[in-house]
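Results of the structural survey
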Amino acid sequence: MSPQISQIAVVEQHPLVRLGLETLLSGSALLRVVALAADPAELPRADAQRPDVVVYGAPPQPGPSLAQTVAALAARGRVLVVADFAGRQPVTDALRAGAYGCVGKQAGEQELLRAVETVALGGLHIAPGLATRLHHELRQPAGAPAPALAHREREALRLLATGLTHGQIARRMGLTEATVSTYVKRIRNKLNVRNKADLTRKAIELGLLQEGGLRGAAPADGGRSGAAYSPAGAVPGYAPAGYSSAA
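Residues numbered from 1 in each chain as written. Predicted model: local features only at pLDDT ≥ 70, side-chain atom pairs only at ≥ 80, totals over all residues. Heavy atoms only, no water.

**Section: the sheet that holds strand β6 (residues 125-126)**
Strand order across the open sheet formed by 6 strands is β2-β1-β3-β4-β5-β6, with parallel pairing between neighbours. Of all strands in the sheet, those with a lone pairing partner are β2 (31-37) and β6, marking the two edges. Strand direction decides the pairing type here: strand β1 (residues 6-12) and strand β3 (residues 53-57), joined by 5 bridges, are parallel. Across the sheet, residue Ile8 finds its bridge partner in β3, namely Val53. (Pairing = 2+ DSSP bridges. Helix = DSSP H or I, 4+ residues; strand = E, 2+ residues; numbered from the N terminus.)

**A few points about helix α8 (residues 177-191)**
Over its 15 residues, α8 extends 21 Å from the first C-alpha to the last, a length consistent with the 21 Å expected when each residue adds 1.5 Å. Just past α8, the residue Asn192 takes up positive phi, approximately 55 degrees. (Expected span 1.5 Å × (residues − 1).)

**A word on the side chain of Glu111**
Mapped onto the secondary structure, Glu111 falls in helix α4 (residues 109-120). One buried charged residue, Glu111, remains without a salt bridge, the closest side chain of opposite sign being Arg114 at 5.3 Å. If we skip the residues at most four places from it in the chain, Glu111 touches Val103, His125, Ala127 and Pro128. (Buried < 20%, exposed > 50% of the residue type's maximum accessible area, 1.4 Å probe, protein only. Lys, Arg positive; Asp, Glu negative; His and termini not counted. Salt bridge = Lys/Arg side-chain N within 4 Å of Asp/Glu carboxyl O. Contact = heavy atoms within 4.5 Å.)

**Thoughts on the pairing of strand β4 (residues 78-83)**
β4 sits mainly inside the fold: 5 of its 6 residues count as buried. As paired elements, β3 and β4 share 5 bridges and run parallel to each other. If you follow Gly57 over to β4, its bridge partner there is Val82. Note that β4 and strand β5 (residues 99-104) share 5 bridges and pair parallel. Paired with Leu80 across the strands is Gly101, a residue of β5.

**Points about the packing of helix α7 (residues 166-173) against α8**
α8 packs onto α7 with a crossing angle of 105 degrees between their chain directions and a minimal axis gap of 8 Å. Here α7 is positioned roughly perpendicular relative to α8, judged by the angle of their axes. Counting all contacts with α7, which are made through His166, Gly167, Ile169, Ala170 and Met173, the residues of α8 involved are Glu177, Val180, Ser181, Tyr183 and Val184. Looking at the contact of α7 with α8, its residues break down into 6 nonpolar, 3 polar and 1 charged. (Axes fitted to C-alpha atoms, helices over the stretch in contact; angles between N-to-C directions. Parallel < 35°, antiparallel > 145°, perpendicular 65-115°, else oblique. Nonpolar A, V, L, I, M, F, W, Y, C, P; charged D, E, K, R; others polar.)

**Describing the packing of aromatic side chains**
Applying the stated criterion across every chain, the model contains 0 aromatic pairs. Geometry around Tyr100 places Arg78 over its ring, the cationic atom sitting 5.9 Å from the centre. (Phe/Tyr/Trp six-rings, centres within 6.5 Å; stacked < 30°, edge-to-face > 60°. Lys NZ or Arg CZ within 6 Å of the ring centre and 35° of its normal.)

**Re the pattern of salt bridges**
Close approach of charged atoms lets side chains of opposite charge pair. Under the definition given, this model contains 2 salt bridges. Residues Glu153 and Lys190 are paired through a salt bridge, measuring 2.9 Å at the closest nitrogen-oxygen approach. With Glu153 in helix α6 (residues 151-161) and Lys190 in helix α8, the pair connects residues that are 37 residues apart, well separated along the chain. Classification of Glu153 by relative accessible area gives buried; the value is 3%. Measuring nitrogen to oxygen at the nearest pair gives 2.9 Å for the salt bridge that ties Arg158 to Glu155. Linking Arg158 with Glu155, this pair stays in helix α6, spanning 3 residues, or about one helical turn. Judged by relative accessible area, Glu155 falls into the partly exposed class, the value being 26%.

**Observations concerning α7**
Among the 8 residues in α7, 6 count as buried, and that is most of the element. Among all positions of α7, only His166, Gly167, Gln168, Ile169, Ala170 and Met173 are buried. At its buried positions, α7 is contacted by α6 and α8. Backbone geometry just after α7 places Gly174 at a positive phi near 70 degrees.

Have a look at this one:
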């Protein structure tokens, strides 16, 4: 008996990435790409073209928007979300909205193929690299507010977001560099963020840069180093995807 071939739809806004996904998935004897779309609204609605799996390349966006899109796509087929989960997109948002699987945009070809084939058979696929994050998210009460930051933690986060190093922050706050590093570790744990890029986004969301009276702050050496300073450069919503400078 011939194996059943699963029909796949690909939703991805970038043409080259969409083409790459089509080429990869079409190379599997178990998969057939039947629809390509740059936006979920472009998917054909004819029942005859109803896919078994919708591979959704999620653009960077807050969790609620991701959940709404996944919920809409789930009515069309089993959804596999391919997203930059290192950012603000919670894995649990996608799963609660009806996704059958989640993989990061850094996933290799073989992992992505395994994920699509698993979901096509009705299974659930969570990329190994997302398992720890999912465990952490599931331990948080649904709808719980983010833990409050202490005053000194807020100040350390504000200065970090303006581009200062741990040493510069220590001098500004009259602390040791080790104490600043401890503050940053606590902040990362409280806000559930992984890198300096996400810390900067959180500082903006919390309004901390406005608290300082400036959108950014000059370097602690007054610019004597000659290095150009740009607060926007510290904000990775404004940096290429995959930016992961360590805090």
